[in-house]
Amino acid sequence: MSTIKPAAIALYSESEKFLDVYPEYNLSELPQWVQDNIQEARVYGNKKRGVILSDGRKYHLDNKLNDMTGREWTFFINSVFSTHYPTRGAESYAHEIRKIHPSPKPPQLMRDLIYFFTKEGELVFDSFAGVGGSLLGAALCNRRAAGIDLNQEYLNAYAQAAQKLDLQVYPTICGDCIQVLQNDMLMGELTGNQKISLCLIDPPYANMMSKKKTGADTYVYGDIATPFTNEAADLGNMERPDFLEALRKSVELVLTHMKPEGYVIVFIKDLQPQKKEINLLHAEVISELNKIPKLYYKGMKIWADESAKLYPYGYPFSFVANQIHQYILVFRKEKR
Ligand SMILES: C[S@@+](CC[C@H](N)C(=O)[O-])C[C@H]1O[C@@H](n2cnc3c(N)ncnc32)[C@H](O)[C@@H]1O
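Treat the numbers as computed from the prediction; the structure is a model and nothing was measured.

Description of the site of the ligand
At step 1: Every one of the 23 residues lining the ligand counts as a neighbour, but Lys105, Val131, Asp149, Cys177 and Ala233 are closest to it.
At step 2: Between the ligand and Asp202, the relevant distance is 3.0 Å, taken from a nitrogen atom to a side-chain nitrogen or oxygen of the residue.
At step 3: Between the ligand and Asp234 there is a distance of 3.5 Å, counted from a nitrogen atom to a side-chain nitrogen or oxygen.
At step 4: Look at the ligand: alone it shows 600 Å² of surface, and the protein chains cover 100% of it.

Now the structure itself:
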């Protein structure tokens, strides 16, 4: 005997109106896109914790992390971001101003990460803000943000880019993040005393930029050193062990300003292998940050930047990878 499955529409029409089931619900806790359609919204599921809008979009009332539908959530946890962002025109998000920095992050990429790891109005923090990829990304999805960088010229370019894009200019401080993060008064000013929900950082990759370039890197940067600053506190001027320790210290300090179950996201790129040095910097960073009490590595996404230029490294003698990807490492602050 064949069973006839009810059509989705029947399920929808049989379920009750959200406002009838939850007359006292604090609607301001719902994402704006649910609030805007709440009159026609219905609940579904045995526990009545699902909300379905008349256009079929679904939201789970127990979603404490973000404002996404289940479908958006599933799409995001795909392990690879493959993008081709333009560096000219309106879609470049003022790249012509931000390009004074040797490695600015695309604000759209940062927005997409922030959208998954926060809810509207929450605070994103970047201790290595540069020309503001994270801060612009936060403004693009109505989150708050604050940042620190050692170089005032980069922070000025960020403010200029935000103004040009008609986006809110978030507070920043020029200085060594390790010093600033230890100063509760400065941090209170930066964050407006709001707890950080997401720390989104793209630190220098050890001393990759500050060394005179050799081999494959000369194609991209020429054979000169291109440090972010000349300061000793610049993580980009440190040898590997000092770099790892300073990065760990900076993240440890961020956690003291973060809400429980907040996330830390770190962009990192591997260095090219050298003889017996395998140089898997991303693995070293995971091990180092996992030493921080209550911080746990949760997994990674890989960002493939399809707009990166390809060079004939190694041709015609040996294999050298064109590394067009970076690791997006995800950690979470747990209660214990
Ligand atoms: C890879 S860049 C970040 C780029 C940034 N994501 C953007 O979109 O422009 C790293 C930044 O860290 C900054 N930096 C290095 N050491 C620092 C420190 N101790 N405190 C604060 N900023 C630092 C550098 O000046 C540089 O701008």
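So, the pattern of salt bridges
At step 1: Inspection of every chain in the model, using the stated rule, returns 15 salt bridges.
At step 2: In this structure, Asp202 and Lys105 form a salt bridge, with 3.2 Å as the shortest nitrogen-oxygen distance. Taken as a pair, Asp202 in the loop between β8 (196–201) and α11 (217–221) and Lys105 in the loop between α5 (95–98) and α6 (107–117) lie far apart in primary sequence, 97 residues in all. Grouping residues by exposure puts Asp202 and Lys105 together as buried.
At step 3: A salt bridge links Arg240 to Glu284; the nearest nitrogen and oxygen atoms lie 3.0 Å apart. With Arg240 in helix α12 (residues 240–255) and Glu284 in helix α13 (residues 281–289), this residue pair connects regions lying 44 residues apart in the sequence.

Here's the deal with unusual backbone geometry
Among all residues except glycine, the phi angle is most often negative; among peptide bonds, the trans geometry is most common.
At step 1: Residues Tyr315 and Pro316 are joined by a peptide bond in cis, for which omega reads -5°.
At step 2: Turning to its location among the elements, Pro316 is positioned in the loop between β10 (295–305) and β11 (325–333).
At step 3: Within the chain, Ala94 stands out as a residue other than glycine whose phi angle is a positive 55°.
At step 4: For Ala94, the location among the structural elements is in the loop between β4 (80–83) and α5.
At step 5: With a phi angle near 60°, Asn279 is a residue other than glycine that sits in the positive phi range.
At step 6: By secondary structure assignment, the location of Asn279 is in the loop between β9 (258–268) and α13.

A few points about the sheet that holds strand β5 (residues 123–126)
At step 1: With respect to topology, eight strands assemble into an open sheet ordered β4-β10-β11-β9-β8-β5-β6-β7, the strand pairing being mixed. A strand with exactly one partner marks an edge of an open sheet, and here the two such strands are β4 and β7 (172–174). Taking the axes of each pair of neighbouring strands and ignoring which way they run, one obtains an average angle of 20° across the sheet.
At step 2: Across the face of the sheet, α6 comes into contact with β4, β5, β8, β9, β10 and β11 while running at roughly 155° to β9.
At step 3: Here α12 sits on the sheet in contact with β5, β8, β9, β10 and β11, set at roughly 155° to β9.

A short note on α12
In an α-helix there are 3.6 residues to a turn, and that puts residues three or four apart on one side.
At step 1: End to end, α12 covers 23 Å across 16 residues, agreeing with the expected 22 Å (1.5 Å per residue, within 8%).
At step 2: By the burial criterion, the buried members of α12 are Arg240, Phe243, Leu244, Ala246, Leu247, Ser250, Val251, Leu253, Val254 and Leu255.

Describing the packing of aromatic side chains
At step 1: Within the structure shown, the criterion is met by 13 aromatic pairs.
At step 2: Residues Tyr22 and Tyr25 carry aromatic rings whose centres are separated by 5.7 Å and whose planes lie at 65° to one another, so their mutual orientation is edge-to-face.
At step 3: Relative to Phe117, the ring of Phe76 lies with its centre 5.9 Å away and its plane at 80°, an arrangement referred to as edge-to-face. Taken together, the residues Phe76 in helix α4 (residues 70–76) and Phe117 in helix α6 connect sequence positions 41 residues apart.
At step 4: With a relative accessible area of 8%, Phe76 lands in the buried category.
At step 5: Relative accessible area serves as the criterion here: at 6%, Phe117 is assigned to the buried category.
At step 6: Three or more aromatic residues joined by ring pairs form one cluster here, namely Trp73, Phe76, Phe81, Phe116, Phe117 and Tyr263.

Analysis parameters
Residues numbered from 1 in each chain as written. Predicted model: local features only at pLDDT ≥ 70, side-chain atom pairs only at ≥ 80, totals over all residues. Heavy atoms only, no water. Near = heavy atom within 4 Å. Polar contact = N/O pair within 3.5 Å; in protein donor to acceptor, adjacent residues only side chain to side chain. Areas by Shrake-Rupley, 256 points an atom, 1.4 Å probe, with all protein chains shown as cover. Salt bridge = Lys/Arg side-chain N within 4 Å of Asp/Glu carboxyl O. Helix = DSSP H or I, 4+ residues; strand = E, 2+ residues; numbered from the N terminus. Buried < 20%, exposed > 50% of the residue type's maximum accessible area, 1.4 Å probe, protein only. Pairing = 2+ DSSP bridges. Axes fitted to C-alpha atoms, helices over the stretch in contact; angles between N-to-C directions. Contact = heavy atoms within 4.5 Å. Expected span 1.5 Å × (residues − 1). Phe/Tyr/Trp six-rings, centres within 6.5 Å; stacked < 30°, edge-to-face > 60°.

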